[in-house]
Amino acid sequence: MNNRQPTLWGGGIIIGSMKRQLCHTYQDIISLENLLLAWEEFIKGKKKRRDVQEFSFNLFDNIILLYEELANQTYRHGGYEAFRINDPKPRDIHKASVRDRLLHHAIYRILYPFFDRLFVTDSYSCRVDKGTHKAIERFRQMSYKASRNNTKTCWVLKCDIKKFFATIDHDILLTILREYIFDKDILYLLREVIDSFETATGKGLPLGNLTSQLLVNIYMNRFDQFIKHTLKAQYYIRYADDFVFLSNNKDCLNAILPQIKKFLFQELKLQLHPQKIFIKTLASGIDYLGWVNFPYHRVLRTATKRRMMRRVQEHLTQKTMQSYLGLLKHGNTFRLRNEVLNKYWLWGNM
């Protein structure tokens, strides 16, 4: 490479030959103390739901029975209730029983703090102190750096993985987990949860599981590490299966795209969505995480605006309005905020 290589490439961190190892034991996950703490976290906002009330009616008996099955390794994960939501596109959600979801929380409580420390900084989905707003702000910061304070054209490569949750490979996921977890009992439990759901033989994770949020980040961390330490991409952000690269050199972005496709397919058995790959200038507007981003401002996506107005009308409450006003403060939305307030007042007085 010559000295005129684009700013996408940055210094990487050398990964040591020894990986970190989870120090927690199976007993830490299944202990009555952890199950009770997990229950306290699980029931937040769910106390009025019928299945939660039924489980809590004999709470201690149910938790003790769950603990005994886990201790004897006779526990078997139950089935799922399937339903569809529009958020905004149709999504198939699979809801486990209260008992199984309680276990998901117990597993998550122990595993999340360990694995979160292994993730790259610019992975933003389902992580504490991250989220879409942080990702969008990071996008803005990176665009300034990649464009050298808007003195050069900023190009953006945006990609999306095809049928992300549905194509997660169970064997690959468990192989990755074994690199960090040596406790065979924990691995037995994780396999029980992972294999409880399939979209095809040995494929897929349910969108409704708390554990799925962590497991897909563990799965994609292998890709993140490849991007940061092999490709040495300096300006890269990932939110679940939606990720972007920024650079002041379009040729560089074109050059890494085949390498991205190859790694995802060979290492993780994932494919990019062919209709959701593009390379565009930031000045033309980059639609990312609900906002259309430009060099000096961002505006709400038209479809998001329409959905917001519809929901304000359908759920005419102060809480709903304040929630959307909170969302709108993250962009250039002065007129839109006034429109929301005016329509809230109008609909509230009809």
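So, here is what we can say about the structure in this document. Values in this document were obtained by computation on a predicted structure and should not be read as measured data.

Two elements in contact, helix α5 (residues 98-116) and helix α8 (residues 184-194), have axes whose closest approach is 12 Å; the angle formed by their N-to-C orientations is 130°. On the basis of the axis angle, α5 is oblique to α8. Relative to α8, the crossing made by α5 is left-handed. Seen from α5, the contacting residues are Leu103, His104, Ile107 and Leu111; seen from α8, they are Leu189, Leu190 and Val193.

What follows deals with the sheet that holds strand β9 (residues 298-300). Think of a sheet as strands paired side by side through backbone hydrogen bonds, with each pair either parallel or antiparallel. Sheet architecture is open: three strands sit in the order β7-β8-β9, paired in antiparallel fashion. Only two strands of the sheet have a single neighbouring strand rather than two, namely β7 (286-288) and β9. Each adjacent strand pair in this sheet contributes to an overall mean axis angle of 30°, direction not counted. Two strands pair when backbone bridges link them, and β7 and strand β8 (residues 291-293) are joined in this way by three bridges, in the antiparallel orientation. In the strand pairing of β8, Asp287 is matched with Val292.

Time to look at the packing of aromatic side chains. On inspection of all chains with the given rule, the structure shows 17 aromatic pairs. Ring centres 6.4 Å apart and planes at 70° place the aromatic pair Phe114 and Tyr180 in the edge-to-face group. One end of the pair, Phe114, is in helix α5; the other, Tyr180, is in the loop between α7 (170-178) and α8, and 66 residues separate them in sequence. The class of Phe114 is buried, set by a relative accessible area of 6%. Taken together, the ring pairs in this structure connect Phe223, Phe226, Tyr236, Phe243, Phe245 and Phe263 into an aromatic cluster.

Looking along a regular strand, one sees side chains alternate from face to face of the sheet. Both strand β4 (residues 236-239) and strand β5 (residues 242-247) contribute to a ladder of four bridges, which runs antiparallel. Pairing of Tyr236 across the sheet is with Phe245, part of β5.

In this model helix α10 (residues 250-268) runs 26 Å from its N-terminal to its C-terminal C-alpha over 19 residues, within 8% of the 27 Å that 1.5 Å per residue would give. Of the positions making up α10, those classed as buried are Cys252, Leu253, Ile256, Leu257, Ile260, Phe263, Leu264 and Leu268. The distance from a side-chain oxygen at the start of α10 to the backbone nitrogen of Asp251 is 2.9 Å, and the residue carrying that oxygen is Asn249.

Turning to the pattern of salt bridges, a few remarks are in order. Summed over the entire model, instances satisfying the criterion amount to 16 salt bridges. Close ionic contact of Asp51 with Lys95 constitutes a salt bridge, the shortest N to O distance being 3.5 Å. With Asp51 in helix α3 (residues 50-57) and Lys95 in strand β2 (residues 90-96), the pair connects residues that are 44 residues apart, well separated along the chain. One connected set of salt bridges, linked through shared partners, spans Asp51, Lys95 and Arg101.

Rules used in this analysis
Residues numbered from 1 in each chain as written. Predicted model: local features only at pLDDT ≥ 70, side-chain atom pairs only at ≥ 80, totals over all residues. Heavy atoms only, no water. Axes fitted to C-alpha atoms, helices over the stretch in contact; angles between N-to-C directions. Helix = DSSP H or I, 4+ residues; strand = E, 2+ residues; numbered from the N terminus. Parallel < 35°, antiparallel > 145°, perpendicular 65-115°, else oblique. Left-handed = near helix turned anticlockwise from the far one by under 90°. Contact = heavy atoms within 4.5 Å. Pairing = 2+ DSSP bridges. Phe/Tyr/Trp six-rings, centres within 6.5 Å; stacked < 30°, edge-to-face > 60°. Buried < 20%, exposed > 50% of the residue type's maximum accessible area, 1.4 Å probe, protein only. Expected span 1.5 Å × (residues − 1). Polar contact = N/O pair within 3.5 Å; in protein donor to acceptor, adjacent residues only side chain to side chain. Salt bridge = Lys/Arg side-chain N within 4 Å of Asp/Glu carboxyl O.

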